[in-house]
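For reference, the chains in residue letters:
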There are 2 protein chains.
Amino acid sequence: MKEETSPSQAVRIVTERELRSCVDLDTTAFGVVEQAFTWLAETPVEMPPIQHLSITERGEALGDVDIKSAFVPGIDLFAVKIASGFASNLALGLPSGNGLMVLLDSRTGQCRAVLLDNGYLTDLRTALAGAVAAKHLAPAHVETVGVLGTGRQAELQARALLLARPYSKLLICGRTRSRAETLASLLAPKLEGVAIEVVAEAREVVERSQCVVTTTAAREPLVFADWLHPGLHLTAMGSDVPGKQELDPEVLLRADLCVVDRRSQSERLGELQHVEPALRASLTVLELGSLTSGRHPGRTEPGAITVCDLTGTGVQDTAIAVHALHKTQAAGRGSEIELG
Amino acid sequence: MKEETSPSQAVRIVTERELRSCVDLDTTAFGVVEQAFTWLAETPVEMPPIQHLSITERGEALGDVDIKSAFVPGIDLFAVKIASGFASNLALGLPSGNGLMVLLDSRTGQCRAVLLDNGYLTDLRTALAGAVAAKHLAPAHVETVGVLGTGRQAELQARALLLARPYSKLLICGRTRSRAETLASLLAPKLEGVAIEVVAEAREVVERSQCVVTTTAAREPLVFADWLHPGLHLTAMGSDVPGKQELDPEVLLRADLCVVDRRSQSERLGELQHVEPALRASLTVLELGSLTSGRHPGRTEPGAITVCDLTGTGVQDTAIAVHALHKTQAAGRGSEIELG
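Rules used throughout
- Residues numbered from 1 in each chain as written.
- Chains lettered and ligands numbered in written order.
- Predicted model: local features only at pLDDT ≥ 70, side-chain atom pairs only at ≥ 80, totals over all residues.
- Heavy atoms only, no water.
- Phe/Tyr/Trp six-rings, centres within 6.5 Å; stacked < 30°, edge-to-face > 60°.
- Buried < 20%, exposed > 50% of the residue type's maximum accessible area, 1.4 Å probe, protein only.
- Core = buried A, V, L, I, M, F, W, Y, C linked by side-chain atoms within 4.5 Å.
- Domains from an automatic or database assignment.
- Contact = heavy atoms within 4.5 Å.
- Salt bridge = Lys/Arg side-chain N within 4 Å of Asp/Glu carboxyl O.
- Helix = DSSP H or I, 4+ residues; strand = E, 2+ residues; numbered from the N terminus.
- Least-squares fit on C-alpha atoms with pLDDT ≥ 70 in both.
- Buried area = accessible area lost by both parts, 1.4 Å probe.
- Polar contact = N/O pair within 3.5 Å; in protein donor to acceptor, adjacent residues only side chain to side chain.
- Nonpolar A, V, L, I, M, F, W, Y, C, P; charged D, E, K, R; others polar.
- Axes fitted to C-alpha atoms, helices over the stretch in contact; angles between N-to-C directions.
- Parallel < 35°, antiparallel > 145°, perpendicular 65-115°, else oblique.
- Left-handed = near helix turned anticlockwise from the far one by under 90°.
- Pairing = 2+ DSSP bridges.

This paragraph deals with the packing of aromatic side chains. By the definition in use, this model includes four aromatic pairs over all chains. Between the aromatic rings of F224(A) and W227(A), the centroid separation amounts to 5.5 Å while the plane-to-plane angle is 65°, which identifies the pairing as edge-to-face. A relative accessible area of 11% places W227(A) in the buried class. Ring centres of F71(B) and F78(B) lie 5.8 Å apart, and the angle between their planes is 85°; this geometry places the pair in the edge-to-face category. Looking at F71(B), the relative accessible area reads 1%, which means it is buried.

The structure is reproduced here in structure tokens:
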């Protein structure tokens, strides 16, 4: 059957190393992720439910795989992202998260690129989404940022937030103090002009900050409503599967403005899953895209309390993947595989 | 962020041309696909619902993308398949079907291989599934095979069936006679010792054959119950989305044995979608895996009428992808991309 090979077609293969060399947290990438929220709100995006695989062997849970995709009318390419998380990898000296993004041609369905990013692009777009939320929801002047959580996303959120607010003080809080200290050391050379302090109590972080990001794998509330104060913005990044939770439901009910990336996802996977259905129905919830598009002004009162819950969407993946492909092409990175 | 690249890892990239050079319709591949049906029936396979994207631009339907995946306990790798179908490609001189398969490591979730097969492996496993159905359901002696449909799958089914039954006569019927004649010419050199005849009426094909395969994109019945005769096996390959249909529902009700690959899929995407729910509940339907595993004997009476509806499963994709990777590795084909 050798004679039936399809007509000539090239696929660009880009490795994590190549992506890291030319795609980073910068204002261009910020704009790309911000635009993606507008796409999600304003265009008839095709974004099917996440495909999920639970990988178990002899009754033992090994890991999970999530597949996200989104087609945006008018954009030449669309991404399918395969993201895996295997906690047991850490014992093998491997990162728990892995995966890749595949870019398909919107006009022909042909494969144009495979970005072997091992989750790097997801990390970036997730951090940038937090910064986009802060741009539209945090007070105009943020002196102190608080981060609850000490993982890679905690680091990236702290860095990305500088694209939205030039803050000068960072408070870090984690369950394990030594991890919080390690993160502080890691961040010190990367956050010029920012004083970094490790704080033992989450409550103190919230009370002293104008902008707080929670980025943990928590399955019970870390933040409570009586900690909130006027002029606070709070973004919850952690919850992205049923059962995860970072905010007491009262936090959402108490906020002056409650924003999510995608309401249906937040109700299934994010913080809204923990709000009683009766209360949920009465809650005014905006999608972030209505703020990035300008349809809703976002924060208008300096003293408002705002909350944003982000679960992550396929549209962000398509946006960052297309951006990354353009950047690597411009830099001459990646390998072309000729088909046919 | 260049310093954080993940530990060393290699990904094998294999093109359609390389796959075609070393993976074909043979007894080994037949055994692999047969085994996959047994896996589906006998092991706690993780096979999520198909993720589907409809690609439309300014109200015009351009194409569809289906994403299938399946993890089989005990198998080192599992596949995620991205398959696109864009009918408008034909006008561009491109095949309508494209896509790729990604193989992930079952223990770590890391990407091990990307098979840029453009649908070639799907074509093979689909054809082999028809042959597996024939092995367990067709009469022991098949002299005449009938094929309704004239596309690539019609060709492959005719070839693959020789792995299950050494038939000597092939009847081909299509809506467009010239296409049926083109297929006959294409097949003549590939089917040694088989007399090929183009037949105008589907009814005649069914009446003269002991084994019939329908492989069309029909949306209304092509085969009716009063055409059936003792000693006939009929496999319907075509219907794989809501709305497609090749068999009058009465065909399924009249059969002595009604077999599907996955009942839930056949009810949603295959021929069972057109059987009234009340009748469907009373219909005895077996899954092909219970025949390949030996739990059910398949055809026992030479004079029985048997029907099999195949919609295609992620387990078959995992099976053929793992097989293809092993074959290409053994043949030294494909490129290794070093990550990290």
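Moving on, we get to the nonpolar core. Within the largest apolar cluster, 72 residues are counted, with the highest numbers of intra-cluster contacts made by L103(A), L115(A), L121(A), Y167(A), L170(A) and V315(A). Of the residues that make up this core, three or more belong to each of domain 1 (9–121 + 315–339) and domain 2 (133–312) of chain A. Once residues lying within four places of it in the same chain are set aside, the contact partners of Y167(A) are V142(A), E143(A), V145(A), A158(A), L161(A), L162(A), L191(A) and V194(A). One finds V23(B), A29(B), A134(B) and A164(B) within the second-largest nonpolar core, a separate group that totals 71 residues.

Right, let's get into the pattern of salt bridges. With the rule as written, the count across this model stands at 42 salt bridges over all chains. For the salt bridge of R152(A) with D123(A), the shortest nitrogen-to-oxygen distance reads 3.6 Å. On the criterion of sequence distance, the pair formed by R152(A) in helix α4 (residues 152–161) and D123(A) in helix α3 (residues 120–137) is long-range, its members being 29 residues apart. Classification of R152(A) by relative accessible area gives partly exposed; the value is 36%. The residue R203(B) makes a salt bridge to E207(B) at a minimum N-O spacing of 2.8 Å. Within this pair, R203(B) and its partner E207(B) are both found in helix α6 (residues 202–208), separated by four residues, close to a single helical turn. With a relative accessible area of 41%, E207(B) lands in the partly exposed category. Through salt bridges with shared partners, a single network forms among D24(A), E155(A), R159(A) and K190(A).

All names here are of chain A. Among the secondary structure elements, V194 is positioned in the loop between α5 (177–187) and β9 (195–198). With 49 residues separating them along the chain, V194 and V145 place their C-alpha atoms 10.0 Å apart. With residues near it in sequence (within four places) discarded, V194 still touches L162, Y167, S168, K169 and L170.

Now for the relation of the copies chain B and chain A. Each copy superposes on the other: chain B lies on chain A with an RMSD of 0.0 Å after a rotation of 180° and an axial shift of 0.0 Å. The relationship between the two copies is best expressed as a two-fold rotation axis. The C-alpha atom lying nearest the rotation axis in chain B is that of Q51(B); the distance is 3.2 Å.

Take unusual backbone geometry next. Note: most residues except glycine have negative phi, and most peptide bonds are trans. Residues and elements named next belong to chain A. Residue R58 is not a glycine yet carries a positive backbone phi of 50°. We classify R58 as exposed; its relative accessible area is 79%. For N118, which is not glycine, the phi torsion reads 50° and is therefore positive. If you trace the backbone, N118 turns up in the loop between β6 (111–116) and α3.

With that settled, consider the interface of chain B and chain A. Opposite the 73 residues of chain B that make contact, chain A presents 73 residues. With both chains or domains summed, chain B and chain A bury close to 5700 Å², and 61% of this area falls on carbon and sulfur atoms. For the pair chain B and chain A, the interface holds zero salt bridges. On the surface where chain B and chain A come into contact, there are 14 residue pairs in polar contact (both at pLDDT 80 or more). When residues in the side of chain B that touches chain A are grouped by element, the largest group, seven residues, is from strand β2 (residues 51–57) of chain B. Residue classes in the side of chain B that touches chain A are distributed as 33 nonpolar, 23 polar and 17 charged.

Quick look at the packing of helix α4 (residues 152–161) of chain B against helix α5 (residues 177–187) of chain B now. Axes are the key here: two packed helices are described by the angle between their axes and the distance separating the axes. All names here are of chain B. It is the contact of α4 with α5, at a shortest axis distance of 10 Å, that shows an interaxial angle of 40°. Classified by the angle between their axes, α4 and α5 sit oblique to one another. Of the two possible hands of crossing, α4 and α5 adopt the one that is right-handed. Facing A154, E155, A158 and R159 of α4, the residues of α5 in contact are L183, L186 and L187.

Moving on, we come to the sheet that holds strand β15 (residues 285–287) of chain A. Residues and elements named next belong to chain A. Spatially, eight strands are ordered β9-β8-β7-β10-β12-β16-β14-β15 in an open sheet, and the strand pairing comes out parallel. Either end of the sheet is taken by a strand with one partner, and the two such strands are β9 and β15. Across this sheet, the average inter-strand angle for adjacent strands is 20°, counted without regard to direction. Here four bridges tie strand β8 (residues 169–173) to β9, and the two strands are oriented parallel to one another.

Residues and elements named next belong to chain A. By domain assignment, chain A separates into domain 1 (9–121 + 315–339) and domain 2 (133–312). A separation of 25 Å is found between the C-alpha centroids of domain 1 and domain 2. Every contact between the two is made by 16 residues of domain 1 and, on the other side, 20 residues of domain 2. Of all residues in domain 1, L25, F30 and F37 give up the largest surface area on contact with domain 2, accounting jointly for 33% of the area buried on that side. Taken together, the connections running from domain 1 to domain 2 amount to three salt bridges. Across the pair E34 and K135 runs a salt bridge, and its minimum N-O distance is 2.8 Å. Between domain 1 and domain 2 we count seven residue pairs in polar contact (both at pLDDT 80 or more) in total.

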